[in-house]
Amino acid sequence: MKKLFRFLIAGGVGFVVDAGVLHLLLWFTPFGPFVGRAISIPSALLATWVLNRNFTFGRSDRSLAAEGFRYGSVGLTSALLNYTLFSSLLMTEPSLRPIIALTLASAAATAFSFFGYSRFVFRHRQNP
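As recorded by an unreviewed UniProt entry, the protein carries the name Flippase GtrA and is attributed to Rhizobium tropici. For the protein, the Subcellular location (unreviewed entry) comment in UniProt is given as "Membrane".

Written out as structure tokens, the structure reads:
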């Protein structure tokens, strides 16, 4: 339960990074919400990797490159799920504010991310 709580804190920080970068891009650049999310998602992914590695799960017993690859694989899959839901919501309901679509899509991707990170990325190998 402690890891889930810490994961939610890290995810909250990631959400703030994602939403903040998206908001800044929408406000100060000609980018629309689709291009903005393509930039804000990797920013959030980097922030959550640092937090999950150092605060939530601890470093794995894999090399930094292997851990980063695994984290990126789960994160990219989760981000694709998140982005697909985000885009679908905006396309089916054009009057929906991008921040609402971001919130709903991020919430839906959270369970997938926790399972993937805890079981595939940061799970420590058992000694035989």
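Q: I'd like a description of the overall build of the protein, backed by residues and values.
A: Helix and strand counts for the protein come out as four helices and zero strands. The order of α-helices and β-strands along the protein, N terminus first, is α-α-α-α. Over its C-alpha atoms the protein spans a radius of gyration of 15 Å, differing by no more than 12% from the 14 Å that the globule rule assigns to 128 residues. In terms of principal-axis extent, the alpha carbons of the protein reach across some 55 × 25 × 20 Å.

Q: Tell me about the environment of glycine 116, and name the residues and values.
A: Structurally, glycine 116 can be placed in helix α4 (residues 98-121). Placed 105 residues apart in sequence, glycine 116 and glycine 11 show a C-alpha to C-alpha distance of 14 Å. If near-sequence neighbours (up to four positions away) are discounted, glycine 116 is found in contact with Val74 and Val121.

Q: Residues and numbers for the UniProt feature "transmembrane region" (unreviewed entry) in the protein, please.
A: Look at the UniProt record and you will see "transmembrane region" (unreviewed entry) annotated at residues 7-28, 34-51, 71-90 and 96-117. For residues 71-90, the helix share is 100%, the strand share is 0%, and the end-to-end C-alpha distance is 28 Å.

Q: Just give me the short version of the packing of aromatic side chains, but keep the residues and values in it.
A: Counting across every chain of the model gives 10 aromatic pairs. Relative to phenylalanine 57, the ring of phenylalanine 7 lies with its centre 6.3 Å away and its plane at 50°, an arrangement referred to as tilted. Highlighted residues: phenylalanine 7 in helix α1 (residues 2-28) and phenylalanine 57 in the loop between α2 (33-56) and α3 (64-92), separated in sequence by 50 residues. When sorted by exposure, phenylalanine 7 lands in the same class as phenylalanine 57, which is buried.

Q: So what's going on with the packing of α2 against α4? Which residues, and what values?
A: It is the contact of α2 with α4, at a shortest axis distance of 13 Å, that shows an interaxial angle of 35°. For the pair α2 and α4, the sense of crossing is right-handed. Across the interface between the two elements, Pro33, Arg37, Leu45 and Asn52 of α2 pack against Pro98, Leu102, Ser106 and Tyr117 of α4. Along the lines of polarity and charge, the residues of the contact of α2 with α4 split into five nonpolar, two polar and one charged.

Rules behind the numbers
Residues numbered from 1 in each chain as written. Predicted model: local features only at pLDDT ≥ 70, side-chain atom pairs only at ≥ 80, totals over all residues. Heavy atoms only, no water. UniProt positions renumbered as here; feature names shortened; annotations may be inferred. Helix = DSSP H or I, 4+ residues; strand = E, 2+ residues; numbered from the N terminus. Rg over C-alpha atoms; globule rule 2.2 N^0.38 Å. Contact = heavy atoms within 4.5 Å. Phe/Tyr/Trp six-rings, centres within 6.5 Å; stacked < 30°, edge-to-face > 60°. Buried < 20%, exposed > 50% of the residue type's maximum accessible area, 1.4 Å probe, protein only. Axes fitted to C-alpha atoms, helices over the stretch in contact; angles between N-to-C directions. Left-handed = near helix turned anticlockwise from the far one by under 90°. Nonpolar A, V, L, I, M, F, W, Y, C, P; charged D, E, K, R; others polar.

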